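Coordinate analysis (summary)
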Amino acid sequence: MKTERLKKPLFHLPGNLARMPALDSERWIAFGFMVPLLLFVVLFILIPVLGTLVDSFSLDVTYLPKRFLGLENYDWLLRDPGFWQSVRFTCLFVVVSVPLEIALGLMIALVLNEQLPMRGLLRACVLIPWAIPAAVSGRVFELIYNYSFGAANYLFRVLHLTDGPVNWLGSEAGAFLALVVADSWKTTPFAAIILLAGLSSIPDDLYRQAKVDRATFIQRFTRITLPLLKPVLIVTLLFRTIDALRVFDVIYVLTGGGPGGTTTSLSLFGYHYFSAGDFGYGSAASVILFLLAFALSIIYIRLGHFEQEVA
Amino acid sequence: MKEDRFKKILLALGALLTVLFCLSPFFYMALTGLSLHPDFLLPDRPLCITLSHFHTVVASDSVHFLAFLRNSLIISTASAVICVFIASLAAYAITRLPVPGKVFLMFLILAVSMFPPVSLVSYLFKLMSALGWINTYQGLIFPYVAWTLPLSLWILMSYFAQVPKDLDRAGLIDGCSRLQILVKIIFPVAAPGIFSTMLLAFIFAFNEFLFALMLTTDHSARTVPVGIALFEGLYGQIPWGEIMAAATITTIPVVILTLIFQRRIIQGLTRGAVKG
């Protein structure tokens, strides 16, 4: 502050304004402004993640003395069929739900991008599933999938799609599908909103010119929309992939990981051990999930950086 | 012309399907909350409309729903306000001042936003247990502030970058400190952006589940998502009417917020994601 006041008489020289305050004091102010954020991130995110890493190398069970184990937890993990099942489920969940969400989101974005009456209201409708807690919408879907009186089996009966009611949450395939649908319903709006931003940045002139050239609707989509949307599509894809990889809320509420552990995601696998008091083993599973997500986010950041440099 | 009409029909159909896709679960939810029995979709089961489930949820002492709602509102609002203030300090520094190691810091913060919550929740649980902060507001507010900071910072940076730097210079000439410039000049100019960010931070804190599940054991600080997820009946039967009534009450403020601030929310979301 002091230096600023000292330099004040210089203000009538416009050329000196830019470097008016001394650089050193600016650095300190900048540092001071960053401190609260860094403090929160370090105390409540970075240290806990490191703590989890440390825990994963030890026997850390409630009421038992903590003991260093080295890589033993990981060794157990790699021989644990339950762990591999949750890895398989998580990967399958990502591979099925993310493309579905992006395809649906793209369709919705294409609709929202047009001149429609009540466009604002329509956009707000799309936002609502995203804005509701996943645990709450998970409960609604639990009711929808209810075996005896849920809406899903009602629709199937009215439309004569199956002979009898489907046991959605009690069968492996049914529970998987139920989760994919519930999760897509919740996250498609997000994909749609991001893709909409990409769509609206494509200049209208291109489409007008294409119309003059008598390009069909499909040609316009594949030759203009898709190529120009590619960067945003990739960003959305990675963003959604990282998010789907750590899926927890909807599964906890809808299937609890069942039936028979077939829908236990990696997050839920770790949580089950935490809630049973086995922090070491749960931490090892969490670290593996962390590494997966981290690798993907590095790709994401690289791509984002790349986009910025190009733009 | 033929193609135009075809396109119009297709669009109308698409819009209709979109609305159906997004809203039909909510109608089912509200209807079940209002229905005396949850099985009204079965043949020869009448639909009897009643407010009794809503009454139970609000009035019954054993349900604690209003306590969950109050906890959620207090925790999310406090987190959003603290988070946006801290994030705007940092966003100001990054867009205006020579922050040492700027690029590294931004990458770190972006990477942090993609950490799986399960990879820190066990340590947070131990930390909060040691501090005696299990079942307290601060036990959730602190992690929520940290958790929503990266996204808020990212969004605010894109808003602050648009504020002309001449305003800062004018402030410096008038003898304002950097903090005064931020509060007196940048905040009013970037108010819409700050408000969008606060809305998003609020929604993220309001929707958070795993931390709230791990860090609360009773109704003194438990939030709505966990309350509704763990809502079970006394006699083994799931009280669908009450659950859906509670879900409906939770949904109403969120729907009102989204209807009013749809544009702000979308703007914030796209800045947070696409600019990354």
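Since the structure is predicted, the reported quantities are computational estimates derived from the model, not experimental observations.

1. Focus on the overall build of chain B
- Counting its secondary structure elements, chain B contains 12 helices and 0 strands.
- Shown N-terminal to C-terminal, the secondary structure of chain B runs as helices and strands in the order α-α-α-α-α-α-α-α-α-α-α-α.
- Relative to its full complement of 276 residues, chain B shows a buried share of 55%.
- For chain B, restricting intrachain contacts to residue pairs at least 6 apart in sequence, the fraction spanning at least 24 positions comes to 74%.
- About 11700 Å² of surface is accessible on chain B, with carbon and sulfur atoms providing 70% of the total.
- Separation of charge centres in chain B, based on 18 positive and 12 negative side chains, amounts to 14 Å.

2. Here's the deal with the nonpolar core
- The biggest cluster of nonpolar side chains holds 184 residues, and the ones touching the most others in it are Leu37(A), Trp130(A), Phe65(B), Leu149(B), Leu153(B) and Phe160(B).
- Ranked by the residues each element gives to this core, the list is headed by helix α3 (residues 65–96) of chain B, at 15 residues.
- Other than its neighbours up to four places away in sequence, Leu37(A) contacts Ile86(B), Ala87(B), Ala90(B), Ile109(B), Leu149(B) and Leu153(B).

3. As for unusual backbone geometry
Residue and element names in this part refer to chain A.
- Residue Pro259 is reached from Gly258 by a cis peptide bond, and omega for that bond is -5°.
- You can see Pro259 is positioned in the loop between α12 (249–254) and α13 (266–275).
- With a phi angle near 75°, Tyr63 is a residue other than glycine that sits in the positive phi range.
- Looking at the secondary structure, you find Tyr63 in the loop between β1 (58–59) and β2 (67–68).

4. Concerning the state of the cysteines
- Per the counting criterion, the structure on display carries 0 disulfides over all chains.
- Cys125(A) supplies the cysteine sulfur nearest to Cys22(B), a cysteine that is in no disulfide, at a spacing of 7.1 Å.
- By relative accessible area, which is 0% here, Cys22(B) ends up buried.

5. Here's the deal with the environment of Met29(B)
- One can find Met29(B) in helix α1 (residues 2–34).
- Taking relative accessible area as the criterion, Met29(B) reaches 3% and is therefore assigned buried.
- A sequence separation of 142 residues divides Met29(B) from Gly171(B), and the C-alpha atoms of the two residues are 53 Å apart.
- Aside from chain neighbours lying at most four places away, what touches Met29(B) is Val140(A), Met244(B), Ala247(B), Thr248(B) and Thr251(B).

6. Examining the environment of Leu42(B)
- Relative to the assigned elements, Leu42(B) resides in the loop between α1 and α2 (52–59).
- Take Leu42(B): its relative accessible area is 24%, and that puts it in the partly exposed class.

7. Details of the domain arrangement of chain A
Residues and elements named next belong to chain A.
- If you check the domain split of chain A, you get domain 1 (2–55) and domain 2 (80–310).
- With 4 residues of domain 1 at the contact, the number on the domain 2 side is 6 residues.
- Carbon and sulfur atoms supply 79% of the area buried between domain 1 and domain 2, which totals about 350 Å² over both sides.
- For domain 1, the biggest contributors to the area lost against domain 2 are Val49, Thr52 and Asp55; these three give 83% of the whole.
- Here domain 1 is connected to domain 2 by 0 salt bridges.
- At the surface where domain 1 touches domain 2, the tally comes to 0 residue pairs in polar contact (both at pLDDT 80 or more).
- Of the residues in the side of domain 1 that touches domain 2, the class split is 2 nonpolar, 1 polar and 1 charged.

8. Some points on the interface of chain B and chain A
- Taken together, the contact between chain B and chain A spans 106 residues of the former and 99 residues of the latter.
- Where chain B meets chain A, there are 5 salt bridges.
- With its nearest N and O atoms 3.1 Å apart, the salt bridge here joins Glu26(A) to Arg178(B).
- The interface formed by chain B and chain A contains 15 residue pairs in polar contact (both at pLDDT 80 or more).
- A breakdown of the residues in the side of chain B that touches chain A according to their chemical character gives 82 nonpolar, 14 polar and 10 charged.

9. Considering the pattern of salt bridges
- With the rule as written, the count across this model stands at 18 salt bridges over all chains.
- One salt bridge connects Lys7(B) with Glu114(A), and the closest N-O pair in it is separated by 3.4 Å. Of this pair, Lys7(B) sits in helix α1 while Glu114(A) sits in the loop between α5 (81–112) and α6 (119–131), which puts the two residues in different chains.
- On the basis of relative accessible area, Lys7(B) is assigned to the partly exposed category, the value being 24%.

10. Some details on the domain arrangement of chain B
Residue and element names in this part refer to chain B.
- Partitioning chain B into domains gives domain 1 (1–50) and domain 2 (63–274).
- Measuring from the centre of the C-alpha atoms in domain 1 to the corresponding centre in domain 2 gives 32 Å.
- Tallying the contact residues gives 6 residues for domain 1 and 7 residues for domain 2.
- Summing both sides of the interface, domain 1 and domain 2 together bury roughly 490 Å²; the carbon and sulfur share of this comes to 82%.
- Applying the counting criterion to the domain 1 and domain 2 interface returns 0 salt bridges.

11. Focus on a nonpolar patch on the surface
- Among the surface-exposed residues, Met118(A), Leu121(A), Ile252(B), Ile256(B), Leu259(B) and Ile260(B) lie close enough to one another that they form a single nonpolar patch of about 610 Å² accessible area.
- With 4 residues, helix α12 (residues 240–274) of chain B is the largest single contributor of residues to the nonpolar patch.
- With respect to the secondary-structure elements, Ile252(B) resides in helix α12.

12. A few points about the side chain of Ser265(A)
Residue and element names in this part refer to chain A.
- Tracing the chain through its elements places Ser265 in the loop between α12 and α13.
- Of note is the side chain of Ser265, whose polar atom sits 2.8 Å from the backbone oxygen of Val247.
- Among residues more than four places away in sequence, those in contact with Ser265 are Ser86, Phe89, Thr90, Val247 and Ile251.

13. Observations concerning the packing of aromatic side chains
- Enumeration over the complete set of coordinates arrives at 37 aromatic pairs over all chains.
- Ring geometry for Trp130(A) against Phe204(B): centres 6.2 Å apart, planes inclined by 80°, an arrangement best described as edge-to-face. One end of the pair, Trp130(A), is in helix α6; the other, Phe204(B), is in helix α9 (residues 191–207), on a second chain.
- Measuring from ring centre to ring centre gives 5.6 Å for Trp147(B) and Phe211(B), while their planes differ by 65°; the resulting arrangement is edge-to-face. Residue Trp147(B) is located in helix α6 (residues 137–160), and its partner Phe211(B) is located in helix α10 (residues 210–215); the two are separated by 64 residues in the primary sequence.
- Among the aromatic residues, ring-to-ring pairing joins Phe141(A), Tyr145(A), Phe156(A), Trp168(A), Trp185(A) and Phe26(B) into one connected group.
- Positioned above the aromatic ring of Trp76(A) is the side chain of Arg79(A), whose terminal nitrogen or guanidinium carbon lies 5.4 Å from the ring centre.

14. Side note on the packing of α6(B) against α9(B)
All names here are of chain B.
- As a packed pair, α6 and α9 sit with axes 9 Å apart at the nearest point and diverge in direction by 155°. Overall, the two elements α6 and α9 adopt an arrangement that is roughly antiparallel. Judged by the sense of rotation from one axis to the other, the crossing of α6 with α9 is right-handed. Contacts between α6 and α9 involve Tyr144, Thr148, Leu151, Ser152, Ile155, Leu156, Tyr159 and Phe160 from the first element and Gly193, Ile194, Ser196, Thr197, Leu200, Ala201, Phe204 and Ala205 from the second.
- Taken together, the residues that form the contact of α6 with α9 break down as 11 nonpolar, 5 polar and no charged.

Reading the values: rules and limits
- Residues numbered from 1 in each chain as written.
- Chains lettered and ligands numbered in written order.
- Predicted model: local features only at pLDDT ≥ 70, side-chain atom pairs only at ≥ 80, totals over all residues.
- Heavy atoms only, no water.
- Helix = DSSP H or I, 4+ residues; strand = E, 2+ residues; numbered from the N terminus.
- Buried < 20%, exposed > 50% of the residue type's maximum accessible area, 1.4 Å probe, protein only.
- Contact = heavy atoms within 4.5 Å.
- Areas by Shrake-Rupley, 256 points an atom, 1.4 Å probe, with all protein chains shown as cover.
- Lys, Arg positive; Asp, Glu negative; His and termini not counted.
- Charge placed at Lys NZ, Arg CZ, Asp CG, Glu CD.
- Core = buried A, V, L, I, M, F, W, Y, C linked by side-chain atoms within 4.5 Å.
- Disulfide = S-S within 2.5 Å.
- Domains from an automatic or database assignment.
- Buried area = accessible area lost by both parts, 1.4 Å probe.
- Salt bridge = Lys/Arg side-chain N within 4 Å of Asp/Glu carboxyl O.
- Polar contact = N/O pair within 3.5 Å; in protein donor to acceptor, adjacent residues only side chain to side chain.
- Nonpolar A, V, L, I, M, F, W, Y, C, P; charged D, E, K, R; others polar.
- Patch = residues over 30% accessible without salt bridge, like charges linked within 9 Å, V, L, I, M, F, W, Y side chains within 5 Å.
- Phe/Tyr/Trp six-rings, centres within 6.5 Å; stacked < 30°, edge-to-face > 60°.
- Lys NZ or Arg CZ within 6 Å of the ring centre and 35° of its normal.
- Axes fitted to C-alpha atoms, helices over the stretch in contact; angles between N-to-C directions.
- Parallel < 35°, antiparallel > 145°, perpendicular 65-115°, else oblique.
- Left-handed = near helix turned anticlockwise from the far one by under 90°.

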